[in-house]
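# Breakdown of the fold
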Amino acid sequence: MKEFCVRILGYILFLPFLFFYSYILGPVLKAVLVPGGLLLLFMIQGWKDGVVPFISCMKGQKSDANRLIQTKP
């Protein structure tokens, strides 16, 4: 009986934390960490190699960096 009570108590404590981390903390972390990671990547790569190709990719244009890398025979 003691093991049953401990197991039920474990589920009662575990399930709210599972839902909290899955549905509340997960999206908040994604909203903070993804833009922060992109900013860090852009700081490392610099304006010419990081930001300009990203902006041109979002606009659907070919940047000078992409023309140099993706040469057609």
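Here, every reference points to the structure presented above.
This structure is a prediction, so every number in the text was calculated from the model and none was measured. (Residues numbered from 1 in each chain as written. Predicted model: local features only at pLDDT ≥ 70, side-chain atom pairs only at ≥ 80, totals over all residues. Heavy atoms only, no water.)

## Topic: the overall build of the protein
A tally of regular secondary structure across the protein gives two helices and zero strands. In the protein, which comprises 73 residues, the proportion classed as buried is 10%. For the protein, the accessible surface area stands at approximately 6800 Å², while carbon and sulfur atoms represent 73% of it. (Helix = DSSP H or I, 4+ residues; strand = E, 2+ residues; numbered from the N terminus. Buried < 20%, exposed > 50% of the residue type's maximum accessible area, 1.4 Å probe, protein only. Areas by Shrake-Rupley, 256 points an atom, 1.4 Å probe, with all protein chains shown as cover.)

## A look at the packing of aromatic side chains
On inspection of all chains with the given rule, the structure shows three aromatic pairs. Measuring from ring centre to ring centre gives 6.0 Å for Phe19 and Tyr23, while their planes differ by 15°; the resulting arrangement is stacked. Residue Phe19 and its partner Tyr23 are both found in helix 1 (residues 2-59); the two are separated by four residues, about one turn of the helix. A residue is classified by how much of its surface remains accessible, and Tyr23, at 62% relative accessible area, is exposed. (Phe/Tyr/Trp six-rings, centres within 6.5 Å; stacked < 30°, edge-to-face > 60°.)

## Some words on the side chain of Ser56
Assignment of secondary structure puts Ser56 in helix 1. Among the residues examined, Ser56 registers a relative accessible area of 8% and is labelled buried. Within the structure, the side chain of Ser56 is placed 3.0 Å from the backbone oxygen of Pro53, a separation counted as a polar contact. (Polar contact = N/O pair within 3.5 Å; in protein donor to acceptor, adjacent residues only side chain to side chain.)

## Side note on helix 1
Compared with the 86 Å implied by 1.5 Å per residue over 58 residues, the 63 Å span of helix 1 between its first and last C-alpha is markedly short. Taken as a whole, helix 1 carries its principal kink of about 140° at Gly46. Two residues or fewer after helix 1 comes Gly60, characterised by a positive phi angle close to 85°. (Expected span 1.5 Å × (residues − 1). Bend = angle between axes of the 7 residues up to and from the residue.)

Bear in mind that shape data such as this cannot, by itself, settle questions of function.
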